[in-house]
Amino acid sequence: MTDVYCFAFVEDTPSAAVADKLVAARNARLKNRLVFQKGFPAVMRGFGAIKSKCRTFLSMAKAGSHTFVLTDLDKAECPCALIRDWFAIPREIPVDLPPQCIFRVAVREVESWILADHEAWADYIKIPGDNFSKTPDQLDDPKQHLLTVIRRKGKKKIHQEMLPKGAAHIGPLYNEVLCEFINTSWQPERAAENSPSLDRALKALMKI
Amino acid sequence: MARKPAWVELEFEFRENLHNTGEPPDWCYKLWINYEGKGKQRPIVIKEEVWKKGTQLVARPDPDDEADPERKIQTHLEQINMNREYREVSNFFSDVLYLHLVPQLLKFSDQLSLRHLESDPFGQGLLEEISGTQKRSRDYRLRTIENILKKVIPNLEQLQFKIDDTTGRPHLEMLYNHWRPNAGWQREDQFSDGTLRLLAMLWTLLSSNRMILLEEPELSLHNAIVEQIPDLLYKTRQRKKTGGQILVSTHSEVMLSSQSIDGNFLILQPGQSGEATRITPPSEADIEAMKAGLSPADILLPQTAVTVQRI
């Protein structure tokens, strides 16, 4: 089986780091490699640009080209509902994307996949693990949960710099710290034990 | 480990009809340049070839070059007494117009009193050029430019060319909507950087048939204007029956998101770990993706950021 090349689109830099790690974990186990095109994943700064390209991803799938997307569920009901909405699939038709469209949804944000690697995260961020949820897929707002714990229990300068000030949503070092953790410590297979959505994502990647 | 030799290879093919790719090009010019490798380290010709419809006219280095290596610091092309057989090629290169207007050089030209560079790459001579144009053509072009600028610059009412009564120097003036009549006139030294760059670009597109090299046309302009540049390039060029090609260098995501660009792309990728910079056209996969509807911004821009790390 030959290597599969694909374009990849993600919302933010931590998602890009997660995507790279997922693919590496998959490639370690299988003979053929899934390879992102040079310069990808492309960070789309939010979901809007990704949503607008869904129809194009279907056209590309028809032509045999693979695309990979990692996006947050946020407030949507469930990944199926999100996919149905973004791909404009009518209610009568079951949600069934072509195999070339690798569309993964973190429930409810990529932060839950990070929190799912529970001990490693607590160890890295130097805050006792008891403070963090062990079932992050069930959190309404994983990012807020993470920020709240850091705000309450974080004693170091790095913790302060992760917290948002004023109208900002995240602190200046928030993404950087997450990316650093993902690149150096995060293990998707370990994290998948605590996150059903991550587990599904890994299994789906194995099928390509 | 031996260092890989590094030199620059330039190869140009000229065709009257761009679609006639089955036949040898009308002209082909090849130039390889490297540093001397010793002494003053001057750039020298290590290969130079001229082909006319498949027949070779020039092949260097030739025995004369080997006998007198000093000859290698000059191209055959640049010497008028040598290039007669392919003067067309030499003329083409001298006719290429490079535009990268530096607003401060124009606005502060008096205080700076700089000499104008040959072929005026930075737009220092824009006013003189407008002044030297026949009145009818000048008026027509400035009216076209005025109509375009009125759509993007708030409160702009008029654009005019004027020779100063006292100094005799040429100026551009813009009139803005102001409650006091005639109070709102501004001279080019008060125009914004973006306005000047846009103005110069439009003037150049309207006045020149030559091949134009536009350097980062998006600079100092609002995205809402940048987004329209591809269409502007098309519309202003339509007015001229035989215009040369326009080559644009850009980083602009907004401009590259335009759905109406029908052009060729070249991706400049700096080399990693000591490798040379690569200039490549889009790959098959890239072209497929763009055909499906993803824009050059989606597909090509990320490839140029490979060497950019988090600061």
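Residues numbered from 1 in each chain as written. Chains lettered and ligands numbered in written order. Predicted model: local features only at pLDDT ≥ 70, side-chain atom pairs only at ≥ 80, totals over all residues. Heavy atoms only, no water.

Draft legend 1. Main features of the overall build of chain B. Helices and strands together make up the secondary structure of chain B, namely 13 helices and 12 strands. Across its three principal axes, chain B shows a C-alpha extent of roughly 75 × 50 × 45 Å. Burial statistics for chain B: of 311 residues in total, 36% are counted as buried. The contacts of chain B with a sequence gap of at least 6 include a subset with a gap of at least 24, amounting to 47%. Taking the average place of the 38 positive charges on the side chains of chain B and the average place of its 45 negative ones, the gap between the two points comes to 4 Å. (Helix = DSSP H or I, 4+ residues; strand = E, 2+ residues; numbered from the N terminus. Buried < 20%, exposed > 50% of the residue type's maximum accessible area, 1.4 Å probe, protein only. Contact = heavy atoms within 4.5 Å. Lys, Arg positive; Asp, Glu negative; His and termini not counted. Charge placed at Lys NZ, Arg CZ, Asp CG, Glu CD.)

Draft legend 2. Fine view of the sheet that holds strand β5 (residues 97-99) of chain B. Residues and elements named next belong to chain B. Strand order across the open sheet formed by three strands is β5-β9-β10, with parallel pairing between neighbours. At either end of the open sheet lies a strand with only one pairing partner, and these are β5 and β10 (246-249). The sheet shows a mean angle of 15 degrees between the axes of neighbouring strands, taken without regard to direction. Alignment of β5 against strand β9 (residues 212-215), held across three bridges, turns out to be parallel. Bridge pairing in β9 links leucine 97 to isoleucine 212. (Pairing = 2+ DSSP bridges. Axes fitted to C-alpha atoms, helices over the stretch in contact; angles between N-to-C directions.)

Draft legend 3. Looking closely at the confidence of the model for chain B. Residues and elements named next belong to chain B. A residue-level look at chain B finds 97% of positions with pLDDT of 70 or above and a mean pLDDT of 90. When mean pLDDT is taken per element in chain B, strand β3 (residues 43-52) scores highest with 96 and helix α9 (residues 229-238) scores lowest with 84. If you check the scores for this complex, the pTM reads 0.85 and the ipTM reads 0.84. (pLDDT = per-residue confidence, 0-100.)

Draft legend 4. Seen up close, the environment of alanine 305 of chain B. Structurally, alanine 305 of chain B is set in the segment after α13 (301-304). In this structure the C-alpha to C-alpha distance between alanine 305 of chain B and glutamine 269 of chain B, which are 36 residues apart in sequence, comes to 7.9 Å.

Draft legend 5. Representation of the nonpolar core within the structure. In this structure, Phe9 and Phe103 of chain A are the most contacted members of the largest nonpolar core, which totals 80 residues. Counting residues per element, this core draws most heavily on helix α1 (residues 13-29) of chain A, which supplies seven residues. Residue-level mapping places this core at the junction of two domains, with at least three residues from each of domain 1 (4-111 + 195-206) and domain 2 (114-184) of chain A. When sequence neighbours within four positions are dropped, the list of residues in contact with phenylalanine 9 of chain A reads Phe40, Ala42, Met44, Ile50, Phe57, Phe68, Val69 and Leu70 of chain A together with Leu294, Asp298 and Ile299 of chain B. The next biggest cluster of nonpolar side chains, apart from the first, holds 37 residues, and it includes Ile130, Leu142, Ala200 and Val226 of chain B. (Core = buried A, V, L, I, M, F, W, Y, C linked by side-chain atoms within 4.5 Å. Domains from an automatic or database assignment.)

Draft legend 6. Structural view of the pattern of salt bridges. Within the structure shown, the criterion is met by 25 salt bridges over all chains. Measuring nitrogen to oxygen at the nearest pair gives 4.0 Å for the salt bridge that ties aspartate 141 of chain A to lysine 75 of chain A. Of the two residues, aspartate 141 of chain A is situated in the loop between α6 (118-125) and α7 (142-153) and lysine 75 of chain A in the loop between β4 (66-72) and α4 (79-86); the sequence distance between them amounts to 66 residues. On the basis of relative accessibility, which here comes to 27%, the residue aspartate 141 of chain A falls in the partly exposed class. Lysine 75 of chain A sits in the exposed class, given a relative accessible area of 66%. Residues arginine 187 of chain B and glutamate 173 of chain B are paired through a salt bridge, measuring 3.2 Å at the closest nitrogen-oxygen approach. Of this pair, arginine 187 of chain B sits in strand β8 (residues 185-187) while glutamate 173 of chain B is found in strand β7 (residues 170-176), placing the two residues 14 residues apart along the sequence. (Salt bridge = Lys/Arg side-chain N within 4 Å of Asp/Glu carboxyl O.)

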